[in-house]
Amino acid sequence: MATFTERMAPVLVLWLAVFLSGTWAVDKGNFKTCDQSSFCKRQRALKPGESPYRALLETMELTNTRLTLQLINDNNKVRLLLELYRLQGNMTRVKINELKPLKPRYEVPDVLIREPPTEPLSLLSQDENGVVLSLGAESQRVILSARPFRLDIMEGREVVMSLNSRGLLAFEHLRMRKDTFSYKVTSTVASVWNNIKRVFSSSQADPEAEKKEEADPAAQPEAAKEEEKDEDGMWEETFKSHTDSKPNGPSAVSLDFSLPGVEHVYGIPEHADTLRLKTTENGDPYRLYNLDVFQYELYNPMALYGAVPVMLAHNAQRTTGVFWLNAAETWVDISSNTAGKTVFGKMLDYVQGSNETPQTDVRWISESGIIDVFIMLGPTPKDVFSQYASLTGTQAFPPLAAVGYHQCRWNYNDQEDVAAVDAGFDEHDIPYDYIWLDIEHTDGKRYFTWDPHKFATPKEMLQGLSDKKRKMVAIVDPHIKVDSNYKIHNEIRSRSFYIKNKDGGDYEGWCWPGSAGYPDFTRADMRDWWASMFAYDQYEGSMKNLDTWNDMNEPSVFNGPEVTMHKDAMHGAWEHRDVHNMYGFYVQMATAEGLIQRSGGVERPFVLTRAFFAGSQRYGAVWTGDNAAEWEHLKISIPMCLSLGLVGISFCGADVGGFFKSPNTELLVRWYQAGAYQPFFRAHAHLDTPRREPWLFGPENTALIREAVRQRYTLLPYWYLQFYHAHRTGEPIMRPLWVEYPEDPATFALEDEYLIGRDLLVHPVTEEGARGVTAYLPGKDQVWFDVHTFQKHNGAQNLYIPVTMSSIPVFQRGGSIIPRKIRVRRSSSCMMQDPYTLYVALNLQRTAEGELYIDDGHTFNYEKEFIHRRLSFANNVLSSVNLAPEAQFSTSSWIERIVILGASKPSKVLLKTDDGQESQVEFDFDASMSVLTLRKPGMNAGADWNVMLQ
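The rules behind these values
- Residues numbered from 1 in each chain as written.
- Predicted model: local features only at pLDDT ≥ 70, side-chain atom pairs only at ≥ 80, totals over all residues.
- Heavy atoms only, no water.
- Helix = DSSP H or I, 4+ residues; strand = E, 2+ residues; numbered from the N terminus.
- Rg over C-alpha atoms; globule rule 2.2 N^0.38 Å.
- Buried < 20%, exposed > 50% of the residue type's maximum accessible area, 1.4 Å probe, protein only.
- Lys, Arg positive; Asp, Glu negative; His and termini not counted.
- Charge placed at Lys NZ, Arg CZ, Asp CG, Glu CD.
- Phe/Tyr/Trp six-rings, centres within 6.5 Å; stacked < 30°, edge-to-face > 60°.
- Lys NZ or Arg CZ within 6 Å of the ring centre and 35° of its normal.
- Core = buried A, V, L, I, M, F, W, Y, C linked by side-chain atoms within 4.5 Å.
- Contact = heavy atoms within 4.5 Å.
- Expected span 1.5 Å × (residues − 1).
- Polar contact = N/O pair within 3.5 Å; in protein donor to acceptor, adjacent residues only side chain to side chain.
- Axes fitted to C-alpha atoms, helices over the stretch in contact; angles between N-to-C directions.
- Parallel < 35°, antiparallel > 145°, perpendicular 65-115°, else oblique.
- Left-handed = near helix turned anticlockwise from the far one by under 90°.
- Pairing = 2+ DSSP bridges.
- Nonpolar A, V, L, I, M, F, W, Y, C, P; charged D, E, K, R; others polar.

**Notes on the overall build of the protein chain**
Here is step 1: Across its full length, the protein chain holds 17 helices and 54 strands.
Here is step 2: For the protein chain, whose C-alpha radius of gyration is 30 Å, the value lies close to the compact-globule estimate of 30 Å for 950 residues.
Here is step 3: Taken along the three principal axes of its C-alpha coordinates, the protein chain extends 105 × 75 × 55 Å.
Here is step 4: The buried share of the protein chain, taken over its 950 residues, is 61%.
Here is step 5: For the protein chain, the separation between the mean place of its 98 positive charges and that of its 124 negative charges on side chains is 1 Å.

Structure, rendered in structure tokens:
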């Protein structure tokens, strides 16, 4: 009889043939719609109306930290337990679970960085209709209505957010299957119980007795509940050739949120869609379910590689957020009372005196788990970022090298190929920091190994890169080749660390190695073991300058349902359906910990992941997956990364040039120009595409690409400062304009331009054959300077910018100071001690502020050893002040140039250093552009100093 491997081999060969052909386009038929997902179809069939859920106020308990009370579903008498918390930092937490579930329901661990600290709730009033609770501030309160159950969060007389206002709370309780013996016994008991009640009931009902019975769950046997009809897909579900056994039956949860005054909502990545989320009434909801989707389709709500269940709502008065902490498959429906209205229609409403308040309604539907939702009340965008960061942590602070340029393809053939590509960058004077190896570098797709013929001496290769102060990334995927001669597989199997199938055996699926097992990363002991495999004596051939890429960690299972794992696979006591969206999160967590441990806790790791969840920002970078060499894919990279930044994941980028297909030279150049201004800057390409190193497209295009990459390197001090701020505050690095200009409606839907930090505005050229772009420059009293020409432009205008192939429209905000390093070398490490140039862009008040941050660029010593200085210009004095006098760090870098934009010509310029010395500084003044350049002032970058214009 043929083995499983023998039977599946032709399937894998066929799959690979299609994939490697380069003509693959996503087959939407391989992935479920809401109608094909039984729990989504059931829940979506529920229409807004009066909720069957009622709050039993007599069960309410209020302590110093929380309110609890029971909810009852009047249709089936199932009781739920509501927990309400007021959290520090202007947040509210709402948890809903079954009061007495048949078995525990999954609650997501490890995502929150700590149990969120609470603040006291106080009761303001109570009657038979509900209760009113204070949220601290006198005007902020929660109104809990009893019949039907509803929560309204108020500020003053305004409703900020309502829960269950549309009556779509649903909680599928765990139950026994009707065709089981225990169900039949229970049903018999229920029948007897009902007969007894009929015999002994009096013609005059006793309301007090009814009330007592209603308040006492023990007085209502499980079997006394109203008979509930089983529907298709509740206990078993088939999609294509795959059957999901669903041993626990239906377990979906759902809740609706109403947002009065809101027309713009954002977040819930990952989707290849617009920044502003669309309404879903005429199609599928947005789906959050980590999937391996090849050459994904654009502008639709299909699930992709990652899932962050966080949504932001914004209007000119307030920003709020909702964090739905659930790791199961989730669908998000969005509706709006202004959806589809044209500008003319809205004007007509205004003229006719229509007083309908805009409102967006959002409904979350998850397959299992509980309802655990954090309501972030802002009120500013940066407040929401801070609130979310306090829950799930901030962006990991990467080593400086990771902020540079990365060169990758599937695959560099051998060590000689790596050496040739490395030399090519030097020959063509293009800097880079990392070269990458994809799956072909391994010994037969066995991770933690090297091909013995193509990469026979990996340490020699790594040392050659290290000698040039460069690094390498090698791929380590979480599917493990089933091979009794493979150490990693044998260790995992002997320790019983593999995920199990529903029958208790090791779960096996097909991926790159053929038959593969999948380690259970939800287990802490498995993660500890995995981390230990990155030790230098375990991962043979590895060195300090080798970092890691986790791909295929959705997890990808080529022969699984929707190219992923069966939902009834088991992680200990939990089904895969409960934990699915966290799998990639755990893989990256364990890998990052391994890189930290191998250095004795000294070195900051760099780990790239494809799959992610809330909290993944703590462990490294993500990218937008298997895109294509098409103009629309270049365009979509901007809203995709903006969406990720809004939910904490700042370290985002897209494959420069497109992974699938081959870009023409114009697209390739434009993609380099765009990628140079995104946080993660990596070129990558499919195995089946022609080579596309930057120098292979003629001298003119090589020069254009070189210039784009060099612009990245000159701005590394500013980029690194933004990563430091993201790590400290949770604010996005690449951010939509409305984050900084929250009262300007013109910014709310912009997605073809963005800010890096506060001070750089970027509008990449993303149209084929473009001769110009129109950029919106925000800020009524703002000025912006073209960073290339120093031309000054007023804010609050749409500016048409003529472009050529060398153009990258970038503007510096008036009122800012940006540090750069003009001397570009072969890698970021080679530039560590190089001097700085400060670009001072004056605002209308002739002032400016900025910062300079310096550390060693690679260790965790930044916690105590760093330089952080405030740079400010006012009253014709430019000064540098120490923001961290307790920190100890020194640098030999100095200030070699200061360029002041919007300046007047001084008669002389004096430098006063911290030792009291004064000296005159040479300068040039361009009167036509009002640009003052101070040459070689010479002060140390870490010192106190003042430069005075007289």
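The rest of the description comes next.
**What to know about the packing of aromatic side chains**
Here is step 1: According to the stated counting rule, one finds 49 aromatic pairs in the structure shown.
Here is step 2: Note on phenylalanine 606 and phenylalanine 651: the rings are 5.9 Å apart at their centroids and 55 degrees apart in plane angle, and the pair reads as tilted. With phenylalanine 606 in the loop between α12 (583-598) and β31 (607-609) and phenylalanine 651 in the loop between α13 (631-646) and β33 (652-653), the pair connects residues that are 45 residues apart, well separated along the chain.
Here is step 3: The interplanar angle of 90 degrees and the centroid separation of 5.8 Å between the aromatic rings of phenylalanine 651 and phenylalanine 680 together place this pair among those described as edge-to-face. Taken together, the residues span a long stretch of sequence, with phenylalanine 651 in the loop between α13 and β33 and phenylalanine 680 in the loop between α14 (665-675) and β35 (681-683) at a distance of 29 residues. Summarising the burial analysis for this pair, phenylalanine 651 and phenylalanine 680 share the class buried.
Here is step 4: One aromatic cluster is present, built from ring pairs that chain together Tyr434, Trp436, Trp549, Phe606, Trp623, Phe651, Phe680 and Phe723.
Here is step 5: Taking the ring centre of phenylalanine 397 as reference, the NZ or CZ of arginine 604 above it sits at 4.5 Å.

**Notes on the nonpolar core**
Here is step 1: Grouped together as the largest cluster of nonpolar side chains are 178 residues, with contacts concentrated most on Phe323, Trp530, Phe606 and Tyr672.
Here is step 2: The residues touching phenylalanine 606, leaving out its near neighbours within four places in the chain, are Pro399, Ala402, His406, Tyr434, Trp436, Val473, Asp547, Thr548, Leu595, Ala621, Phe651 and Phe680.
Here is step 3: Residues Met60, Leu84, Ile153 and Val332 belong to the second largest nonpolar core, which totals 50 residues.

**So, helix α6 (residues 381-392)**
Here is step 1: For α6, which comprises twelve residues, the first-to-last C-alpha distance of 17 Å matches the rise-based estimate of 16 Å (1.5 Å per residue) to within 8%.
Here is step 2: When α6 is considered as a whole, its buried residues turn out to be Pro381, Val384, Phe385, Gln387, Tyr388, Ala389, Leu391 and Thr392.
Here is step 3: Phi turns positive one or two residues past the end of α6, at glycine 393, with a value near 90 degrees.

**Re the environment of threonine 243**
Here is step 1: Turning to its location among the elements, threonine 243 is positioned in strand β13 (residues 242-244).
Here is step 2: The class of threonine 243 is partly exposed, set by a relative accessible area of 38%.
Here is step 3: As for threonine 243 and histidine 566, which are separated by 323 residues in sequence, their C-alpha atoms are 8.5 Å apart.
Here is step 4: A distance of 3.1 Å separates the side chain of threonine 243 from the side chain of threonine 238, its partner in a polar contact.

**Side note on the packing of helix α10 (residues 524-532) against α12**
Here is step 1: Between α10 and α12, whose axes approach to 7 Å, the crossing angle comes to 45 degrees. The angle between the axes of α10 and α12 places the two elements in the oblique class. The chirality of how α10 crosses α12 is right-handed. Contacts from Arg527, Trp530, Ala531 and Ser532 of α10 reach α12 at Tyr586, Val587, Met589, Ala590, Thr591, Glu593, Gly594 and Gln597.

**Structural notes on the sheet that holds strand β45 (residues 836-841)**
Here is step 1: Pairing within the open sheet is mixed, and its eleven strands lie in the order β51-β50-β54-β48-β47-β46-β44-β45-β49-β53-β52. Looking at the sheet topology across the chains shown, the edges are occupied by β51 (918-920) and β52 (922-926). Adjacent strand axes in the sheet meet at a mean angle of 20 degrees, parallel and antiparallel pairs treated alike.
Here is step 2: Pairing between β52 and strand β53 (residues 931-935): five bridges, direction antiparallel. Within β53, the position partnered with aspartate 926 by the bridge is valine 931.
Here is step 3: Packed on one face of the sheet, helix α16 (residues 716-729) meets β44 (816-820), β45, β46 (848-854) and β47 (867-874) and runs near 85 degrees to β46.

**So, the side chain of aspartate 292**
Here is step 1: Mapped onto the secondary structure, aspartate 292 falls in the loop between β16 (286-288) and β17 (310-314).
Here is step 2: Take aspartate 292: its relative accessible area is 0%, and that puts it in the buried class.
Here is step 3: A distance of 3.2 Å separates polar atoms of two side chains, one belonging to aspartate 292 and the other to arginine 610.
Here is step 4: Discounting residues that sit within four places of it in the chain, aspartate 292 has contacts with Phe31, Tyr305, Met552, Glu554, Ser556, Phe558, Val563, Arg610 and Asp626.

**Let's talk about the pairing of strand β6 (residues 122-127)**
Here is step 1: Relative to strand β7 (residues 130-134), β6 is paired through five bridges, and the arrangement is antiparallel. The residue of β7 that forms the bridge with serine 122 is serine 134.
Here is step 2: Between β6 and β7, which follow one another and run antiparallel, lie two residues.

**Some thoughts on the sheet that holds strand β22 (residues 405-407)**
Across a sheet, strands are paired by hydrogen bonds formed along the backbone, either parallel or antiparallel in direction.
Here is step 1: Across the sheet, which stays open at both edges, the nine strands sit in the order β33-β32-β31-β28-β24-β23-β22-β35-β34 with parallel pairing between neighbours. Lying at the two open borders of the sheet, with one neighbouring strand each, are β33 and β34 (655-656).
Here is step 2: Where β22 meets β35, three bridges bridge the pair, whose relative direction is parallel. Residue pairing in the sheet places histidine 406 in a bridge with arginine 682 of β35.
Here is step 3: Contacts from α12 reach β28 (546-550), β31 and β32 (621-623), with the element oriented near 170 degrees to β28.

**Some remarks on the environment of proline 478**
Here is step 1: Residue placement: proline 478 occurs in the loop between β24 (471-475) and β25 (480-481).
Here is step 2: On the accessibility criterion, proline 478 (0% relative accessible area) is buried.
Here is step 3: On a C-alpha basis, the gap between proline 478 and asparagine 553 in space is 6.2 Å, while along the polypeptide they are 75 residues apart.
Here is step 4: Excluding anything up to four places from it in sequence, proline 478 contacts Gly517, Tyr518, Pro519, Phe521, Trp530, Asp551, Met552, Asn553, Tyr583 and Val587.

**Observations regarding the packing of helix α15 (residues 699-714) against α16**
In a packed pair of helices, the relevant descriptors are the angle between the two axes and the axis-to-axis distance.
Here is step 1: The N-to-C vectors of α15 and α16 enclose an angle of 55 degrees; their axes lie 5 Å apart at closest approach. With respect to their mutual orientation, α15 and α16 come out oblique. Listed contacts from α16 to Arg712, Tyr713 and Thr714 of α15 are Leu716, Pro717 and Trp719.
Here is step 2: Residue composition of the contact of α15 with α16, grouped by class: four nonpolar, one polar and one charged.

**Overview of unusual backbone geometry**
Here is step 1: Of note, the bond from arginine 147 into proline 148 is cis; its omega dihedral lies within 30 degrees of zero at -5 degrees.
Here is step 2: Within the fold, proline 148 resides in the loop between β8 (140-145) and β9 (150-155).
Here is step 3: The omega torsion across tryptophan 410 and asparagine 411 is 10 degrees, close enough to zero to call that bond cis.
Here is step 4: With respect to the secondary-structure elements, asparagine 411 resides in the loop between β22 and α7 (415-427).
Here is step 5: Even without being a glycine, aspartate 110 presents a positive backbone phi close to 75 degrees.
Here is step 6: On the basis of relative accessible area, aspartate 110 is assigned to the partly exposed category, the value being 34%.
Here is step 7: Non-glycine residue tyrosine 299 carries a positive phi angle of around 60 degrees.
Here is step 8: Position of tyrosine 299 among the secondary structure elements: in the loop between β16 and β17.

**A few points about helix α2 (residues 38-45)**
An α-helical turn contains 3.6 residues, so any two residues separated by three or four positions project in the same direction.
Here is step 1: Within the span of α2, buried status applies to Ser38, Phe39, Cys40, Arg42 and Gln43.
Here is step 2: Where α2 is buried, its residues contact β11 (170-171), β12 (237-239), β14 (253-260), β19 (330-336) and β20 (359-366).

**So, the pairing of β45**
Here is step 1: When you tally the buried positions in β45, you get six out of six residues, the bulk of the element.
Here is step 2: Of the two faces of β45, both are covered, the one formed by Tyr836, Leu838 and Val840 as well as the one formed by Thr837, Tyr839 and Ala841.
Here is step 3: Here six bridges tie β45 to strand β49 (residues 895-901), and the two strands are oriented parallel to one another. Counted as the bridge partner of tyrosine 839 is valine 899 from β49.

Interpretation note: all reported values are geometric properties and have no functional meaning in isolation.
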